[in-house]
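Architecture at a glance
Residues per chain are reported as follows:
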Amino acid sequence: MFNAAVRSRILLLLILSVTPLRAGGPGEKDLADRLRELDDKALATDADKAKRFPQMLSSDVRARIRTANRRESEAWQVIEDRAGWERFMKPRIAALRDSLGGLPRAAQDVKVRVCATLTGDGYRIENIVFESRPGLWVTANLYAPTKPGRAMPGILLCHSHHAPKTQGELQDMGMTWARLGCVVLVMDQLGHGERRQHPFVEEKSFPKPFRVSRQDYYFRGTVGLQLHLVGESQIGWMVHDLVRGVDVLLARPGVDRDKILLLGAVAGGGDPASVAAALDRRIAAVVPFNFGGPQPETTYPLPADADAAFNYAGSGSWESTRNLRLSARDGFLPWVIVGSVAPRRLDYAHEFSWDRERDPVWKRLQKIYGFYDVADRLASVHGRGKVSGTPPESTHCTNIGPVHRKQIDPALKQWFDIPIPGKEYLSRRTVKELTCLTPELAREIKPRSVSELARDLAHQRMEAARKKRAELKPDERRQQLREDWARLLGDVKPHGPAKVVSRDVQKVGGVSLERILLEVEPGIHVPLLLLLPAHEDGTRLPVAVGVAQEGKAAFLKQRADVLAELLEKGTAVCLADVRGTGETRPGSGRGRTSAATAIAASELMLGQTLVGSRLRDLRSVLAHLRKRTDIDSKRMLLWGDSFARENAAGAVVAVPAEVEPQPRLAEPLGAFLALFGGLFEEEVRAVCARGGLLGYEALLRGPFVHIPPDAIVPGALTAGDLSDVVEAITASRWLEGLVDGVNRRVPPAEVERTFRAAIKKAGKGDAGSLQLRDEVSNQELAHWMGQALAGK
């Protein structure tokens, strides 16, 4: 049709029509290349201050925890009698109960099934299962005397995270006390033993070597995240199980309801035991190890002024049972939980050495028991050495060791007339003998996983929230959604105008580059790069504000073409490292044991979420930009991006903890902030969310979650889900490359199903346009951004 010359010219015109202009003459680098080479640091010349950035968040949460400790200690110092203590304690324990999720408030009949019975010398073992809540079955071994008595003590053993109910020390205690006339219940704690929430049962469960015995412990982290999402908690469900265990004991003929004892083992058993004893007054005595006072890693002797310096609140970690959400905000610190047991009996227990004379918590406990004039109901247990030592100098144990049991025996004799054993009975059974859940029984009772139960709760609670909002007018519905999310995210409103700490200006190929350091709150800095295209004085420029977990450096390296296109078309670009991202990130780790996870857990103790704090930072940046005379506050676009690689559709995502390589983690923070920013900042013109999560509900589709713990918002699914946020945003929206809970790309058909309400609303013209994309070119993205910001 055309000759070769004409075809060549048409091709050249087509190329020019779609290729953006680039700054620079022949032989010069174009703008995108210049941007890629930029140093992203806002303080490129202030190395000392830049070195402090990684410590910024840790320093902040430590300071706020110290403030909480000081507040609670000052309130404690003025308590002079029992009435004062109870005025102090009761609202804090009520807040503890409320923080845990749904807990039983009265005794209930419990479905108990006896699976098998084993007989021994003076004792018998019943392998039982009972239903703690609909669909959640507890596996347990119940040790009882061969000849039951008429007023038998009932003992409940809460095992450590080291090993489940079949561990030898637990058997020793069960058999010994049963032979002495007690009924002893040893349950598999949630996520352990026969109640494990993962498939790695034995070495052949996975082709690579892994530590089988540690998987129950490591997967506690996932269980905790999933329960948080539906407004529940891991420790709340563990306490629920223990309370049901008390029901089981009291239902046994001959068990004395005034003689219910609860022992919480070292390494995570003392935490739920303490909370259960605080909330269930039927528990007459508790022996909680390593909870409430100095932890096993404490260096002795303590200083003489230990009371002033002691961290009563503790600090965050991935183990949610050790750092209770809201505890620092609402005052239910571990020592308060333990102290609330008074005037019932307490054996304050430590696995290793203990400085009795200087332990400030012990002094407080003595004072509390003095208020009730029952000093004889307070006892103590301790071992030798320290956690970093080796046996026999250090008294390591898996649950409760012989050294510790010998010290517990006298208190049990004094309090409940349980005979002191002359010699402990040792006749351990095999794991197979103590197994409760046979394949036949499992088929009959159909026990459900935590993720399944949590997903059911999520659907119920999402539907309830949506039904409530559906009765409102559109503006009222949006406002209610903001209030719902603000309650969950924590403080999301800027604390005041941000302070410009430093500002440096340079030219980059005709573009003005400002390196700005904002102080958004005392001690919290947000570094910015503000790129301004050439413009006439008095011109107000539209602006795209970019945020991502990987920070502004990733935008420069991997989105330089988009940045250049925006700048050349007259749009300013602001790249912000909100707290804990980019150059302020607290280390490179993002997983279970990272500094970021510990900081996020500390924020939960303080009543805040890291997502909420980062949203507050973003809103502070927007407020700062609106004050500038060269930025058009009516033409702002929020651009949340992710630079994390996805797990391929066929990739193995079911991998034991600590096996390398681990599946890749998603990084949905940028998308979260863009969406929440669009919800809370109505003047925003457009929202772009790339690489985000399909929804929080996607994290409940199995036992594996490949998302950083600091991206979790407790209770998120009680407000709806991210689809509700997208629907409520009135600005134009672009969602691209969404991933599921294991960081795999979500098929377009599922994306459309998830956002069908938002699609319908956009089609009716009730909101800005909505683009749902699988993957597009940088050029297409830049074109959409330009169109979204066009006009006045």
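Please read these numbers as outputs of a predicted model, since none were measured by experiment.

Observations concerning the overall build of the protein
- Each helix and strand in the protein was counted, giving 27 helices and 18 strands.
- By the compact-globule yardstick of 28 Å for 792 residues, the protein fits well, its C-alpha radius of gyration being 30 Å.
- Reported as C-alpha extents along the three principal axes, the dimensions of the protein are approximately 105 × 60 × 55 Å.
- When each of the 792 residues of the protein is scored for burial, the buried share is 59%.

Things to note about the sheet that holds strand 10 (residues 499–508)
- With mixed pairing, the nine strands of this open sheet are ordered in space as 10-11-12-14-13-15-16-17-18. Looking along the sheet, the strands with just one partner apiece sit at the ends: strand 10 and strand 18 (770–773). Neighbouring strand axes in the sheet, compared pairwise and without regard to direction, differ in orientation by 15 degrees on average.
- As paired elements, strand 13 (residues 541–547) and strand 15 (residues 631–640) share six bridges and run parallel to each other. Bridging across to strand 15, Ala544 finds its partner in Leu637.
- The sheet strands contacting helix 20 (residues 560–568) are strand 11 (511–521), strand 12 (524–532), strand 13, strand 14 (572–576) and strand 15, and the helix crosses strand 14 at an angle near 140 degrees.

Things to note about the packing of aromatic side chains
- Scanning the entire structure with this criterion turns up 23 aromatic pairs.
- Seen in terms of ring centroids, Trp76 and Trp335 are 5.2 Å apart; in terms of plane orientation they differ by 80 degrees. Their pairing is edge-to-face. Of this pair, Trp76 sits in helix 4 (residues 56–77) while Trp335 sits in helix 13 (residues 334–339), and the two are 259 residues apart along the sequence.
- Residue Trp76 is classed as buried on the basis of its relative accessible area of 4%.
- Overall, Trp335 belongs to the buried group, its relative accessible area being 0%.

Here we look at the environment of Gly135
- Counting through the fold element by element, Gly135 comes out in the loop between strand 2 (123–133) and strand 3 (136–145).
- Separated by 312 residues in the primary sequence, Gly135 and Pro447 place their C-alpha atoms 5.5 Å from one another.

Section: the pattern of salt bridges
- Throughout the structure, instances matching the rule amount to 66 salt bridges.
- Between Asp33 and Arg36 there is a salt bridge, with its nearest N and O atoms 2.8 Å apart. Here Asp33 and its partner Arg36 are both found in helix 2 (residues 31–36), three residues apart, which amounts to about one turn of the helix.
- Its relative accessible area of 31% is what places Asp33 among the partly exposed residues.
- Its salt-bridge partner being Arg195, residue Asp241 comes within 2.9 Å of it at the nearest N-O pair. Here Asp241, found in helix 9 (residues 234–250), pairs with Arg195, found in the loop between strand 5 (183–187) and helix 7 (215–218); they are 46 residues apart in sequence, far enough to count as distant.
- You can call Arg195 buried: its relative accessible area is 5%.
- By sharing partners, the salt bridges in this structure join Asp40, Lys41, Lys552, Asp577 and Glu583 into a single network.

Examining the side chain of Glu232
- Within the secondary structure layout, Glu232 lies in the loop between helix 8 (220–229) and helix 9.
- Overall, Glu232 belongs to the buried group, its relative accessible area being 5%.
- Here Trp237 takes part through its side chain, which lies 3.1 Å from a polar atom of the side chain of Glu232.
- Once you skip the residues sitting within four places of it in the chain, Glu232 turns out to touch Leu100, Gly101, Gly102, Arg133, Leu227, Trp237, Leu457 and Arg461.

Structural notes on the packing of helix 4 against helix 21 (residues 595–605)
- At a closest axis distance of 10 Å, the pairing of helix 4 and helix 21 adopts a crossing angle of 30 degrees. When the interaxial angle is binned, helix 4 and helix 21 end up roughly parallel. In the packing of helix 4 onto helix 21, the handedness of the crossing is left-handed. Counted together, Leu57, Ser58, Asp60, Val61, Arg64 and Ile65 of helix 4 and Ile599, Ser602, Glu603 and Met605 of helix 21 form the full contact between these two elements.
- Looking at the contact of helix 4 with helix 21, its residues break down into five nonpolar, two polar and three charged.

Re the sheet that holds strand 5
- Ordered in space as 1-2-3-5-4-6-7-8-9, the nine strands form an open sheet in which the pairing is mixed. Each edge of the open sheet carries a strand with a single partner, namely strand 1 (112–119) and strand 9 (378–381). On average, each strand axis in the sheet is inclined to that of its neighbour by 20 degrees, with strand direction left out of account.
- On the sheet, helix 10 (residues 270–279) packs against strand 4 (152–158), strand 6 (255–264) and strand 7 (285–288) and is oriented at approximately 145 degrees with respect to strand 6.

Comments concerning the nonpolar core
- The biggest cluster of nonpolar side chains holds 166 residues, and the ones touching the most others in it are Trp85, Trp335, Trp485 and Tyr696.
- Once residues lying within four places of it in the same chain are set aside, the contact partners of Tyr696 are Leu229, Trp485, Phe672, Ala711, Ile712, Val713, Ala716, Leu717, Asp721 and Leu722.
- Membership of the second largest hydrophobic core comes to 36 residues, among which are Tyr123, Leu157, Trp177 and Phe416.

Observations regarding the pairing of strand 6
- With seven of ten residues buried, strand 6 lies mostly within the body of the structure.
- The pairing of strand 6 with strand 7 spans four bridges and is parallel. Counterpart to Gly264 in the pairing with strand 7 is Pro288.
- With respect to chirality, the unit in which strand 6 leads through helix 10 into the neighbouring parallel strand 7 is right-handed.

Observations concerning the side chain of Arg220
- The topology assignment puts Arg220 in helix 8.
- Within the buried set, Arg220 has no salt-bridge partner at all; the shortest N-O distance to an opposite charge, 4.2 Å, is to Glu319.
- Excluding its chain neighbours within four sequence positions, the residues that come into contact with Arg220 are His161, His192, Gln234, Met238, Gly268, Trp318, Glu319 and Thr321.

Thoughts on the environment of Leu365
- Relative to the helices and strands, Leu365 is located in helix 14 (residues 360–371).
- With residues near it in sequence (within four places) discarded, Leu365 still touches Trp335, Val338, Gly339, Leu346, Tyr348 and Leu378.

Things to note about the pairing of strand 17 (residues 732–736)
- In terms of burial, strand 17 is largely enclosed, as five of its five residues are buried.
- Read as a crossover between parallel neighbours, the route from strand 16 (residues 686–690) over helix 24 (residues 722–728) to strand 17 is right-handed.
- With four bridges connecting them, strand 17 and strand 18 associate as parallel partners. Paired with Glu736 across the strands is Arg773, a residue of strand 18.

Rules used in this analysis
- Residues numbered from 1 in each chain as written.
- Predicted model: local features only at pLDDT ≥ 70, side-chain atom pairs only at ≥ 80, totals over all residues.
- Heavy atoms only, no water.
- Helix = DSSP H or I, 4+ residues; strand = E, 2+ residues; numbered from the N terminus.
- Rg over C-alpha atoms; globule rule 2.2 N^0.38 Å.
- Buried < 20%, exposed > 50% of the residue type's maximum accessible area, 1.4 Å probe, protein only.
- Pairing = 2+ DSSP bridges.
- Axes fitted to C-alpha atoms, helices over the stretch in contact; angles between N-to-C directions.
- Contact = heavy atoms within 4.5 Å.
- Phe/Tyr/Trp six-rings, centres within 6.5 Å; stacked < 30°, edge-to-face > 60°.
- Salt bridge = Lys/Arg side-chain N within 4 Å of Asp/Glu carboxyl O.
- Polar contact = N/O pair within 3.5 Å; in protein donor to acceptor, adjacent residues only side chain to side chain.
- Parallel < 35°, antiparallel > 145°, perpendicular 65-115°, else oblique.
- Left-handed = near helix turned anticlockwise from the far one by under 90°.
- Nonpolar A, V, L, I, M, F, W, Y, C, P; charged D, E, K, R; others polar.
- Core = buried A, V, L, I, M, F, W, Y, C linked by side-chain atoms within 4.5 Å.
- Right-handed = clockwise from strand over helix to strand, strands pointing away.
- Lys, Arg positive; Asp, Glu negative; His and termini not counted.

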